[in-house]
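Examination of the molecular architecture
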Amino acid sequence: QTPDFTFIQITDAHIGRDDLLRQFAEHLNHLPVPFAFVVNTGDLVSGVDVVMPDKAQAQYDRYLRAASTFKQPLFNVPGNHEHVAFNVDDADKTNPLYGKALYRRVFGPTYYSWDWADLHFVALDGTTLPYQEKLGKEQLAWLAADLSFQPDGKPLVLFCHQSIPDLRDSKELAESLRGRNVLGAFCGHLHRTFTTQLAGFPVYLTGALSGAWWSGPSIDGTPQGFRLVRIKDGVLKTAYTNREGDSPVSIVSPLASAVQSGVIDVEVVIADFGQPVAASASFVGTPVVLTRVSREELWSTWKGAVDTRQAFDGDRVLQVT
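Residues numbered from 1 in each chain as written. Predicted model: local features only at pLDDT ≥ 70, side-chain atom pairs only at ≥ 80, totals over all residues. Heavy atoms only, no water.

It is possible for side chains of opposite charge to pair when their charged atoms get near one another. A complete count under the given rule lists 12 salt bridges for this structure. E297 serves as the salt-bridge partner of R230, at 3.2 Å between the closest nitrogen and oxygen. Here R230, found in strand β12 (residues 225–232), pairs with E297, found in the loop between β18 (291–295) and β19 (300–307); they are 67 residues apart in sequence, far enough to count as distant. For R230, a relative accessible area of 15% puts it in the buried group. The closest approach of N and O atoms between R309 and D307, which form a salt bridge, is 2.9 Å. A relative accessible area of 62% means that R309 is categorised as exposed. Each member of the salt-bridge network shares a partner with another, and the members are D18, R22 and R65. (Salt bridge = Lys/Arg side-chain N within 4 Å of Asp/Glu carboxyl O. Helix = DSSP H or I, 4+ residues; strand = E, 2+ residues; numbered from the N terminus. Buried < 20%, exposed > 50% of the residue type's maximum accessible area, 1.4 Å probe, protein only.)

Rendered as structure tokens:
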């Protein structure tokens, strides 16, 4: 395993139709760069938390059929919708498939770690039952033991379905990571794309592969998409982009969930995989100049400005090509 590599994070696939995940996996296989592995940070299935145990296996089977299309190693992380019948009022809690039992039977441990090249990766389970967004004492003890085998300076990358700064025991997690070389953490759950922090390291919240549960873009207007993560010379860089297209486009700002007025900044990320591209934009029929401001190995960032005073109040479309 070479020390420089690229991996993919997807999250909140909410598979109801297995063909959509299969199409995405086939699309990845045709992109012009090799990916070391794929991590799916939870809500793999449509939702077994709201069905009786005898209905849950079918959802898992649908996901497994689609996931077999990935040529890369696939690491799964449980979300809140993976645990059987815990949102069913009259569910039989003695059923051997109830709660996390079926997930463990199908996938194995709900939290675990692995090494790739010179990095240590940790997958965390952010759900305790009855439902709380929490790691719990047992998992925190496991994490402390796991990290005790790693040199202090070894780079770490974390994955969790829920936003780790929002976990009930995030302070305890931060203490476990004190003095460690954490390059970043990757989460989902919120169907939004933004970056926050815990204990001084970046936490990347990633938009849903399903967007608004396959009905359109994510809550904040970011597209149904995935996250590219590039590790090079021990440095982590990442960008979120559209799940479709040979040079997928994602508008970083403005977000569709924010009301904008006056002259506003536009930022666009194009996953061009190092190939030359030209970007143009328009707003209510008027051209918007986009200028490339940075060039990463696999994507480029473009900026411009839009004057919303050209349009009457209401919803308006900024189109980027």
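Attention now moves to the sheet that holds strand β15 (residues 263–270). Read across the open sheet, the 4 strands follow the order β14-β15-β19-β18; overall the sheet is antiparallel. Of all strands in the sheet, those with a lone pairing partner are β14 (249–253) and β18, marking the two edges. Between one strand axis and the next, the sheet turns through 30 degrees on average, direction left out of account. With 4 bridges joining them, β18 and β19 adopt antiparallel strand pairing. Residue pairing across strands places T291 opposite K303, the latter belonging to β19. (Pairing = 2+ DSSP bridges. Axes fitted to C-alpha atoms, helices over the stretch in contact; angles between N-to-C directions.)

In terms of burial, strand β5 (residues 119–124) is a largely internal element, 6 of the 6 residues being buried. Residues L119, F121 and A123 line one face of β5 and the alternating positions H120, V122 and L124 line the opposite face, and both faces are buried. Counting the residues in the hairpin turn of strand β4 (residues 112–116) and β5 gives 2 residues, including A117, whose phi is positive at 55 degrees. Across 5 bridges, the pairing between β5 and strand β8 (residues 155–160) is parallel. When the bridges of β8 are listed, F121 appears paired with V157.

It is worth spelling out helix α1 (residues 18–30) at this point. For an α-helix the count is 3.6 residues per turn, leaving residues at separations of three or four pointing the same way. Under the 1.5 Å per step criterion, the end-to-end length of α1 is 19 Å for 13 residues, consistent within 8% with the ideal 18 Å. Considered for burial, the residues of α1 that qualify are D18, L20, L21, F24, A25, H27 and L28. Residues of α1 that are buried in the fold lie against β1 (5–10), β2 (38–40), α2 (53–67) and β12. (Expected span 1.5 Å × (residues − 1). Contact = heavy atoms within 4.5 Å.)

In spatial order, the strands read β4-β5-β8-β9-β11-β10; together these 6 strands make up an open sheet with mixed pairing. The sheet is open, and its two edges are formed by β4 and β10 (194–198), each paired on a single side. Ignoring which end each strand starts from, the neighbouring axes of this sheet average 25 degrees apart. In the sheet, β4 pairs with β5 via 5 bridges, with the strands oriented antiparallel. Bridge pairing in β5 links Y112 to A123. Lying on the sheet, helix α4 (residues 137–148) is in contact with β4, β5 and β8; it crosses β5 at an angle near 170 degrees.

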